[in-house]
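Descriptive structure summary
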Amino acid sequence: MPDMTEKRQNTAKSATALLLMVLMTSVWAGLPVPAQMQADFNQSIINKENNETIRYEGHFALKVPGMAKWVYTRPLSKTICLDNDRAWVIEPELEQATLYRLNRAIPLVAILKKAKRIAPGRYEAKYEGVDYDITVDDKGRPLTLSYRDELGNRVLMRFSNLNTAPFDPALLKCDIPDGFDIIDGRL
C-alpha cells in the first residue's frame, strides 16, 4: 500500500496530467480535425529542478467538443475521463477515483484565441506568460504539444497511430471499480 507521500505525488502527477488532457482536447477543438479520433501517446515531463524525466505511455480517444478518455499504461495504470466540464481520474494502484471540475483549469478558450500559425505545421500561443507549441501534420492532425507547466517543468506529448474513423461511443465510458475511494476534487 502506498504511503501518504507517494499518494500526494501521484495526485500532483494526476493534476498535471489532467491539465494536459484538458489542453489537448481544447486545442484540437480549434484545429481542423475530425469530430472523433484515437491515437497512442508518449508524454515526457522534464523536472525543472533536477532535469529528471518522467515518461508515460498510453492511448486516448476523443469526441469533439468535450469528451475524451486517456488510458495511461506505462509506467503505471491510470485512466482520465473528460466529459465537458468534469473529469474523473481513476488510479488503480491507489484504488481511488477523483472527480475534478474543469473550469478550475487553465482558461483554454482564451489560449486558443491567441494561437497563431507561425510556420507550416506549427502553431504557437501565449497566455499569462506560458508559451504553448503545437505541431501538426499536413492534414492538420496533431503530432506534438509542448509547454512549461506551472512549476516550470517542460512537458512534451507525442502522438502516433492516429485514427479518425468513427468508433463506438461506449469506448469513452468511464467505469469506477467497486470498492474504490471516491474523492471530490471540485472544491
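Just above sits the structure.
Residues numbered from 1 in each chain as written. Predicted model: local features only at pLDDT ≥ 70, side-chain atom pairs only at ≥ 80, totals over all residues. Heavy atoms only, no water.

**With respect to the overall build of the protein chain**
To keep it simple, the criterion reads: Segments assigned H or I by DSSP are reported as helices when at least four residues long, segments assigned E as strands when at least two residues long, and all are numbered from the N terminus. Working definition: with a 1.4 Å probe on protein chains only, accessible area under 20% of the residue-type maximum means buried, over 50% means exposed, and in between means partly exposed. Contacts are assigned to residue pairs that have any heavy atoms within 4.5 Å of one another. Surface exposure here means Shrake-Rupley accessible area, sampled with a 1.4 Å probe, where a residue is shielded only by the protein chains that are shown.
If you tally the helices and strands in the protein chain, you get two helices and 12 strands. Helices and strands in the protein chain line up, N terminus first, as α-β-β-β-β-β-β-α-β-β-β-β-β-β. Split into buried and exposed, the 187 residues of the protein chain put 41% on the buried side. In the protein chain, the share of contacts with a sequence separation of at least 24, taken over all contacts with a separation of at least 6, comes to 50%. Of the roughly 10,400 Å² of accessible surface on the protein chain, 50% is carried by carbon and sulfur atoms.

**Thoughts on the nonpolar core**
Quick note on the threshold: What is meant by a nonpolar core is a set of buried Ala, Val, Leu, Ile, Met, Phe, Trp, Tyr and Cys residues, joined one to another through side-chain atoms within 4.5 Å.
Ranked by size, the top nonpolar core spans 26 residues in total, and within it Phe41, Phe60, Trp70, Tyr72 and Leu82 carry the most contacts. Broken down by element, the residue count for this core peaks at four residues, all from strand S1 (residues 36-46). Core analysis: the next-biggest nonpolar cluster, separate from the first, contains six residues, Cys81, Trp88, Leu99 and Phe180 among them.

**Examining the packing of aromatic side chains**
Centre distance and the angle of the planes are the two values used to describe a pair of aromatic rings. Rule in force here: When the centres of two rings from Phe, Tyr and Trp lie within 6.5 Å, Trp using its six-membered ring, the rings pair. Their planes under 30 degrees apart give stacked, over 60 give edge-to-face, and anything left gives tilted.
Tallied over the full model, the rule gives six aromatic pairs. Ring geometry for Tyr56 against Tyr72: centres 5.5 Å apart, planes inclined by 90°, an arrangement best described as edge-to-face. Of this pair, Tyr56 sits in strand S2 (residues 53-63) while Tyr72 is found in strand S3 (residues 67-74), placing the two residues 16 residues apart along the sequence. Classification of Tyr56 by relative accessible area gives buried; the value is 4%.

**Re the sheet that holds strand S7 (residues 116-119)**
Basically, it comes down to this: Two strands qualify as a pair provided that DSSP identifies no fewer than 2 bridges between them. In this analysis an axis means a line fitted to C-alpha atoms, helices contributing only their contacting stretch, and an angle means the value between N-to-C directions, from 0 to 180 degrees.
The strand order S7-S8-S9-S10-S11-S1-S2-S3-S4-S5-S6-S12 describes an open sheet built from 12 strands, whose pairing is mixed. In this open sheet, the two edge strands, each paired with only one partner strand, are S7 and strand S12 (181-184). Neighbour-to-neighbour, the strand axes of this sheet turn through a mean angle of 20°, independent of strand direction. Sheet analysis places S7 next to strand S8 (residues 122-127), joined by three bridges and oriented antiparallel. Bridge pairing links Ala119 to Arg122 in S8.

**Notes on the environment of Ala61**
Position of Ala61 among the secondary structure elements: in strand S2. For Ala61, a relative accessible area of 3% gives the class buried. A C-alpha to C-alpha distance of 7.4 Å links Ala61 and Gln36, two positions 25 residues apart in sequence. Setting aside residues no more than four positions away along its own chain, Ala61 makes contact with Met37, Gln38, Met67, Ala68, Lys69, Phe167, Leu171 and Leu172.

**Topic: the state of the cysteines**
Worth spelling out the cut-off: When the sulfur atoms of two cysteines come within 2.5 Å, that pair is taken as a disulfide.
Evaluated as defined, the whole model comprises one disulfide. The disulfide partner of Cys81 is Cys174, and the gap between their sulfur atoms is 2.3 Å. Taking the torsion about the sulfur-sulfur bond, which here is approximately 85°, the covalent link between Cys81 and Cys174 counts as right-handed. Here Cys174 lies in the loop between strand S11 (154-163) and S12 and Cys81 lies in strand S4 (residues 78-83), a separation of 93 residues in the sequence. Taking relative accessible area as the criterion, Cys81 reaches 5% and is therefore assigned buried. A residue is classified by how much of its surface remains accessible, and Cys174, at 23% relative accessible area, is partly exposed.

**Topic: the environment of Phe167**
In this fold, Phe167 is placed in the loop between S11 and S12. Residue class for Phe167 comes out buried when judged on its relative accessible area of 11%. Separated by 105 residues in sequence, Phe167 and Leu62 place their C-alpha atoms 9.7 Å apart. Setting aside chain neighbours within four positions, we find Phe167 in contact with Gln36, Met37, Gln38, Ala61, Leu62 and Leu172.

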